[in-house]
Structure formats: C-alpha cells, structure tokens
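# Structural overview for review
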Amino acid sequence: MKQLRYKKTVAQLRVSLALFLTLILGWGYIDAVNGATSEEEYKQQAESILLFARLSQWPAEAFVSPDSDFVIGVLGDDPIVPFIEKL
C-alpha cells in the first residue's frame, strides 16, 4: 500500500511540476515576444517559483533530511538569477 501511495504522490508531483514549468516558460516566451521584461516582473517570477516550492508537498524520500536545502537550477545566463538569489 505504501508503494502505491508513493507512486501516486510522485505522479502528482510530476504533473504539478510540468504545469508549473509550462506556465513559467510560457510567461518567458510572452515576455520575449512583447519586449524586455522589467525588474518588477523578474521579481514576481522569482517569488512565484519560491511560493510553488514552499506550497508543494514533496515526498519525504525527495530529500536526504528534513532540513536539506531546496535547489533551484537555472539553465544559461538568465536575468532572473539575481532575483532568485535574493530570496
């Protein structure tokens, strides 16, 4: 039963993560089409990423210990990095 619940939790996590990434990538695409993104928008995007990470229910097996760091990776040279680092 525990194995089944874990698989269900992982599946829900994957769906949530896929939807979130689609939202963030779509947001970036729309900004690229419309022109440069303001600093306020980068700040809001960084806060959205942090809020998603905090509100998500991660499986206990996802971390080595309960006080492990949560790592947000950014691919390439993206202007949102300084705003994520401030959080």
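Our structure is the block above this text.
The sections below set out a description of the structure shown in this document. (Residues numbered from 1 in each chain as written. Predicted model: local features only at pLDDT ≥ 70, side-chain atom pairs only at ≥ 80, totals over all residues. Heavy atoms only, no water.)

## Overview of the overall build of the chain
Helix and strand content of the chain: 3 helices and 0 strands. Element order for the chain, N to C, with α for helix and β for strand: α-α-α. Total accessible area on the chain is roughly 7,200 Å²; 60% of this is exposed by carbon and sulfur atoms. (Helix = DSSP H or I, 4+ residues; strand = E, 2+ residues; numbered from the N terminus. Areas by Shrake-Rupley, 256 points an atom, 1.4 Å probe, with all protein chains shown as cover.)

## Considering a nonpolar patch on the surface
Residues Phe-70, Ile-72 and Val-74 make up a contiguous nonpolar surface patch of roughly 220 Å² in combined accessible area. Note that Phe-70 resides in the loop between helix 2 (39–55) and helix 3 (81–86). (Patch = residues over 30% accessible without salt bridge, like charges linked within 9 Å, V, L, I, M, F, W, Y side chains within 5 Å. Salt bridge = Lys/Arg side-chain N within 4 Å of Asp/Glu carboxyl O.)

## Overview of the nonpolar core
Counting 8 residues, the largest nonpolar core is built from Phe-20, Tyr-42, Ala-46, Ile-49, Phe-52, Ile-80, Phe-83 and Ile-84. Among the elements that make up this core, the one with the highest residue count is helix 2 (4 residues). (Core = buried A, V, L, I, M, F, W, Y, C linked by side-chain atoms within 4.5 Å. Buried < 20%, exposed > 50% of the residue type's maximum accessible area, 1.4 Å probe, protein only.)

## Section: the side chain of Ser-56
Mapped onto the fold, Ser-56 is located in the loop between helix 2 and helix 3. From its side chain, Ser-56 meets the backbone oxygen of Phe-52 in a polar contact 2.7 Å long. (Polar contact = N/O pair within 3.5 Å; in protein donor to acceptor, adjacent residues only side chain to side chain.)

## Observations concerning the packing of aromatic side chains
Under the definition given, this model contains 4 aromatic pairs. Here the aromatic rings of Tyr-42 and Phe-83 are separated by 5.9 Å at their centres, their planes lie at 20°, and the arrangement is stacked. Within this pair, whereas Tyr-42 is found in helix 2, its partner Phe-83 is found in helix 3, the two being separated by 41 residues in sequence. What makes Tyr-42 buried here is its relative accessible area of 16%. Judged by relative accessible area, Phe-83 falls into the buried class, the value being 15%. With 6.3 Å between their ring centres and 50° between their planes, Phe-63 and Phe-70 make a pair best called tilted. The class for Phe-63 is partly exposed, based on a relative accessible area of 28%. Taken together, the aromatic side chains of Phe-52, Trp-58, Phe-63 and Phe-70 make up a single cluster linked through ring pairs. (Phe/Tyr/Trp six-rings, centres within 6.5 Å; stacked < 30°, edge-to-face > 60°.)

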